[in-house]
Amino acid sequence: RPRLVRLGSCEFGFDAAHAFFERGTVQFQDAIRDAMADIFRDTTASRFSVVIPSMRQTRFASTIPADADAALRTALVGYDADLFTEGREGGDVFPVHLAPQAGTHLERYAVSHVDASVSGSLSVLQPVFPDARVDILPSMSAALIAYRAIVSQTPTTDLPRLLIGMVDDGFDVMLLRG
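Residues numbered from 1 in each chain as written. Predicted model: local features only at pLDDT ≥ 70, side-chain atom pairs only at ≥ 80, totals over all residues. Heavy atoms only, no water.

### With respect to the pattern of salt bridges
Here is step 1 of the chain: For the structure shown, the criterion picks out six salt bridges.
Here is step 2 of the chain: For D172, the salt bridge goes to R59, with nearest N and O atoms at 3.4 Å. One end of the pair, D172, is in strand β7 (residues 170–176); the other, R59, is in strand β2 (residues 58–65), with 113 residues separating them in the sequence.
Here is step 3 of the chain: Residue classification places R59 among the partly exposed positions, given a relative accessible area of 35%. (Salt bridge = Lys/Arg side-chain N within 4 Å of Asp/Glu carboxyl O. Helix = DSSP H or I, 4+ residues; strand = E, 2+ residues; numbered from the N terminus. Buried < 20%, exposed > 50% of the residue type's maximum accessible area, 1.4 Å probe, protein only.)

Structure follows, in structure tokens:
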């Protein structure tokens, strides 16, 4: 089952997020790769999830007819992604089903799109984890996973809950109900 094997951190003399996500110079990529190899030197983990910060995503909402089959749903979310990313090709799309709209035959999705350049940056980590699976996870999905783990151990309530995530350049806010 998933468990924390080792926790570590690194201080860099450069903006590591910029170097990682913007495909910085090879020198910086090598430093990031070396730091990750050091932090996870003795890990037995077979899977890693890299959380993508909100500022490295395009987020939007998509509304789809409730009776749409999987192919139509995918096509409609893809169409919206094309609009919101100004036609940038490639990348990864992460739709999250939201609560149904009462009295309508519509389903709502919160969608995160991660550009191909960002997901391609993960190739820097492949030599560090040659036998492990490295997944990308939008920050909203990561927050929901953490929230569900915490709330599963607390009494159930119908009250809405507010999640606030702080990052260097801003914050994320989510209101959850149910």
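### A word on the nonpolar core
Here is step 1 of the chain: F20, I52, L122, L125 and F129 are the most contacted members of the largest nonpolar core, which has 16 residues in total.
Here is step 2 of the chain: For this core, the secondary-structure elements that each account for two or more residues are α1 (16–21) and β1 (47–52). (Core = buried A, V, L, I, M, F, W, Y, C linked by side-chain atoms within 4.5 Å.)

### Brief notes about the layout of surface pockets
Here is step 1 of the chain: By volume, the second largest pocket is sized at about 560 Å³.
Here is step 2 of the chain: Forming the walls of the second largest pocket are 19 residues, and the residues nearest its centre are H97, L98, A99, L175 and L176.
Here is step 3 of the chain: Secondary-structure elements contributing two or more residues to the lining of the second largest pocket are β2, β3 (92–97), β4 (106–114), α5 (139–151) and β7.
Here is step 4 of the chain: Residues of the lining of the second largest pocket, tallied by class, amount to 13 nonpolar, two polar and four charged. (1 Å grid on protein atoms, 1.4 Å probe; cavity = no way out; pocket = protein on both sides within 12 Å on 5 of 7 lines; lining within 4 Å. Points joined across faces, edges and corners; volume = space filled by probe spheres on them. Nonpolar A, V, L, I, M, F, W, Y, C, P; charged D, E, K, R; others polar.)

In short, geometric facts, not functional conclusions.
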